[in-house]
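# Breakdown of the fold
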Amino acid sequence: MVNKYYILTIGICLTLIAASFSGCVEEEAEEMVLIFAMAGDADKLDPADVTDGESISRTDNIFESLVEYTEGGTDIQPALATSWEVSNDGLDITFNLRKNVKFHDGTDFNADAVVFSFERQYNTSNPYHDYGEWAYWSYMYYDIDYVEKINDYKIIIHLKNSNAAIMTSLAMFTVAIVSPTNAEKWGEDAFKHPVGTGPFKFVEWIKDDHITVEANENYWRARPTLDKIIFRVIEDPSARLLAIQAGEIHGMEYPDPSSFDLIKSDSDLQLLTQAGMNVGYLAMNTGYGYYDENENGVQDSDENWVETPGYFEPLTNKLVRKAINYAIDKNSIIDNLYKGTAIVAKNGMPPFMLGYNDDIVDYSYDPDMAKDLLEEAGYPNGFNTTLWVMPVSRPYMFDPPKIAEAIQSYLADVNINVELYQIDWSTYLEETENGNHPMCLLGWTGDNGDPDNFMRVLYGSDSASIGTAGNVAFYNNSLVQEKFTAALQSYDVTERAKLYEEAQVLIHEDAPFVYLAHATQNMVFLSNVKGYVLNPTERKFFYPVEIE
């Protein structure tokens with residue numbers, strides 16, 4: 001049975017269901033090549049300039065950060081730094097760097113590379129700063145003042161303020177270390193030619209088809225067991241399942257929950273499942289954002305709030321947003337579309353996280369209440385609007401078009417007529433960050449296990465910057481933002497929890513989102529693929545994987 005699936009050890013011509021990969025992949029008998037099907041293509045291959053999981057899944061196997069998460073968890077351990085020390089006031093973190101590490105281009109990893117990788121994001125005078133948007137910097141790292149080189153293998157990260165989440169944030173992809181030499185060689189096109197220190201080296205990127213990486217023969221740890229990984233794009237979950245059943249791929253993300261019984265009954269397949277650290281939501285553009293002209297990640301003045309490009313007057317009204325919450329039957333969506341692989345979300349972060357407020361009573365499914373609120377708001381006959389719909393499966397929403405159709409039907413019942421709108425994934429991310437939508441489907445998978453990564457990044461007014469918004473509802477409540485800032489700067493766990501609980505009460509009342517689901521994380525592999533470990537962040541690390 002193994003011979004049927006270890007297809008790349010004998011060399012075959014790959015014909016993948018619903019895909020356009022032409023040609024024949026011929027491999028030497030000793031090579032171990034894993035083909036993994038992704039729901040969408042990468043946007044960019046620069047870890048500091050991406051916000052989407054499809055890009056991150058590829059770059060995580062090419063790049064590394066100073067610290068990393070433990071296997072299967074969010075505790076941190078050394079990576080490109082061997083040790084670190086935090087000053088008594090919490091404002092300086094000194095890192096000792098790992099020696100004898102090479103980038104894939106043969107150049108040395110050292111303090112200059114660390115300074116470069118950070119500085120290009122925060123220093124507007126850096127010549128490479130204009131080559132990226134660096135959205136995550138404003139989400140997670142704006143408390144970093146500057147990075148100082150002490151010697152070739154020691155640096156200090158200087159903070160402006162204490163930051164309770166900074167060490168876990170430093171294990172994220174955003175601050176992975178890139179080769180300065182490669183950046184100089186390619187300039188603004190460096191995101192197409194990634195060079196890191198990770199276990200796999202970039203080989204090729206055929207847009208909308210596949211990305212190939214190969215083993216880093218000079219990896220500072222033991223060489224990877226896999227010789228190559230081919231990240232294939234197969235958008236449709238049914239086509240992904242057919243491909244793995246046919247032995248044309250070795251693994252796939254985001255299986256359709258309706259296929260779980262079939263997968264479990266097939267001895268040639270294995271289903272990996274874990275509670276997801278995520279939230280899927282419908283965001284309503286509340287109308288106003290700001291331009292972060294000084295790129296400090298903070299909304300500096302109430303005077304510079306401007307209408308978003310997607311400004312739509314009904315959604316600026318809290319009563320309308322509440323009506324939309326009452327109009328949608330979330331339990332039915334969970335039961336019939338998620339097929340029980342998710343729980344209904346009533347808050348904007350998973351229930352197991354610090355500061356989750358379980359005392360909040362969720363909006364019930366009540367179309368009559370929705371109609372009453374619309375009449376009170378001045379829209380007794382409803383209105384017409386547009387819902388932007390993701391074109392790819394995500395961990396928090398495996399089939400966005402079907403969920404959008406359900407929402408469209410529920411809103412039609414209360415006289416809100418919704419047109420569904422789809423564009424390619426890369427443009428979708430760009431346009432929603434710019435605030436071009438009236439309403440959109442999106443969601444979030446936690447990056448570091450800290451509540452700040454959900455609450456401030458997704459719902460803080462500082463994150464409502466037009467062009468780099470994490471808060472795509474462009475929700476502005478200054479008291480909520482104050483609570484988020486105070487929580488981030490406190491090392492008192494009890495105080496932090498209380499602040500997040502209070503903020504959730506305010507957000508619930510303002511109703512800028514319809515929180516839909518917290519979904520389980522699910523992946524499928526052939527039974528002879530060994531060593532893959534799910535991570536709560538849903539990042540995909542293939543270094544320990546092998547094919548028997």
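Residues numbered from 1 in each chain as written. Predicted model: local features only at pLDDT ≥ 70, side-chain atom pairs only at ≥ 80, totals over all residues. Heavy atoms only, no water.

The next thing to look at is the domain arrangement of the protein chain. Its domain assignment divides the protein chain into domain 1 (38-268 + 527-547) and domain 2 (278-520). With centres defined by C-alpha atoms, the gap from domain 1 to domain 2 works out at 27 Å. Listed by partner, the interface residues are 42 residues for domain 1 and 38 residues for domain 2. Here domain 1 packs against domain 2, burying approximately 3200 Å² in sum over the two surfaces, 53% of which is carbon and sulfur. The largest per-residue losses of area from domain 1 upon contact with domain 2 belong to Tyr139, Tyr142 and Ala164, which jointly make up 20% of the total buried on that side. The interface formed by domain 1 and domain 2 holds one salt bridge in total. (Domains from an automatic or database assignment. Contact = heavy atoms within 4.5 Å. Buried area = accessible area lost by both parts, 1.4 Å probe. Salt bridge = Lys/Arg side-chain N within 4 Å of Asp/Glu carboxyl O.)

Next up on the list: the sheet that holds strand E9 (residues 210-215). Strand order in the open sheet formed by seven strands is E8-E9-E10-E1-E11-E21-E12, and the pairing between neighbours is mixed. Where the open sheet ends on each side, the last strands, each with one partner, are strand E8 (200-206) and strand E12 (269-274). Within the sheet, the average angular offset between the axes of one strand and its neighbour, ignoring direction, is 20°. Of the pairings in the sheet, the one linking E9 to strand E10 (residues 228-233) comprises five bridges and is antiparallel in character. Bridge assignment links His210 to a residue of E10, and that residue is Arg232. Running at roughly 165° to strand E11 (residues 251-253), helix H7 (residues 237-245) makes contact with strand E1 (33-38), E11, E12 and strand E21 (521-526) of the sheet. (Pairing = 2+ DSSP bridges. Helix = DSSP H or I, 4+ residues; strand = E, 2+ residues; numbered from the N terminus. Axes fitted to C-alpha atoms, helices over the stretch in contact; angles between N-to-C directions.)

Below, the discussion takes up the packing of helix H14 (residues 452-459) against helix H16 (residues 493-510). Two elements in contact, H14 and H16, have axes separated by 11 Å at closest approach and are oriented at 40°. Considering how the two elements wind past one another, H14 and H16 form a crossing that is left-handed. Facing Asp452, Met455 and Tyr459 of H14, the residues of H16 in contact are Arg496, Tyr500, Gln504 and Ile507. Residue classes in the contact of H14 with H16 are distributed as four nonpolar, one polar and two charged. (Left-handed = near helix turned anticlockwise from the far one by under 90°. Nonpolar A, V, L, I, M, F, W, Y, C, P; charged D, E, K, R; others polar.)

Taken as a whole and judged by the stated rule, the model has 26 salt bridges. We note a salt bridge from Lys207 to Asp41, for which the minimum N-O separation is 3.8 Å. Here the residue Lys207 occupies a position in the loop between E8 and E9, and Asp41 occupies one in the loop between E1 and helix H2 (53-59), the gap between them amounting to 166 residues. In this structure, Asp46 and Arg120 form a salt bridge, with 2.8 Å as the shortest nitrogen-oxygen distance. Pair noted here: Asp46 is in the loop between E1 and H2 and Arg120 is in helix H3 (residues 111-122), with a separation of 74 residues, a long-range link. With relative accessibility at 11%, the residue Asp46 sits in the buried group. Owing to a relative accessible area of 5%, Arg120 belongs among the buried residues under this scheme. Linked by salt bridges that have partners in common, Asp41, Glu54, Arg58, Lys207 and Arg394 make up one network. (Buried < 20%, exposed > 50% of the residue type's maximum accessible area, 1.4 Å probe, protein only.)

It is worth spelling out the sheet that holds strand E6 (residues 144-151) at this point. Strand order in this open sheet of four strands is E4-E5-E7-E6, and the pairing throughout is antiparallel. The two strands at the open ends of the sheet, each matched to only one other strand, are strand E4 (81-86) and E6. On average, adjacent strands in this sheet sit at an angle of 20° to one another, irrespective of strand direction. Summarising the sheet, E6 and strand E7 (residues 154-159) pair through six bridges and their orientation is antiparallel. Within the sheet, the bridge partner assigned to Val147 lies in E7 and is Ile157. This element, H3, spans strand E5 (92-97), E6 and E7 of the sheet and lies at about 165° to E6.

Our next topic: the pairing of strand E13 (residues 278-284). Among the seven residues that make up E13, seven are buried, leaving the element largely enclosed by the rest of the structure. Here E13 shows a buried face lined by Asn278, Gly280, Leu282 and Met284 and a second buried face lined by Val279, Tyr281 and Ala283. Inspection of the sheet shows E13 paired to strand E20 (residues 513-519) by four bridges, in the antiparallel sense. If you follow Tyr281 over to E20, its bridge partner there is Tyr515.

Contact geometry of helix H15 (residues 478-489) with H16 gives a least axis separation of 9 Å together with a crossing angle of 160°. It follows from the interaxial angle that H15 and H16 lie roughly antiparallel. For H15 against H16, the interelement crossing comes out left-handed. Seen from H15, the contacting residues are Leu479, Val480, Lys483, Phe484, Ala486, Ala487 and Leu488; seen from H16, they are Arg496, Leu499, Tyr500, Glu502, Ala503, Leu506 and Ile507. Looking at the contact of H15 with H16 residue by residue, the class counts come to 11 nonpolar, no polar and three charged. (Parallel < 35°, antiparallel > 145°, perpendicular 65-115°, else oblique.)

Now for unusual backbone geometry. Unlike most non-glycine residues, Glu295 shows phi in positive territory, near 50°. For Glu295, the location among the structural elements is in the loop between strand E14 (288-290) and strand E15 (305-307). Taking the relative accessible area as the measure of exposure, Glu295 reaches 44% and is therefore partly exposed. For Asn415, which is not glycine, the phi dihedral falls at a positive 70°. Looking at Asn415, the relative accessible area reads 36%, which means it is partly exposed.

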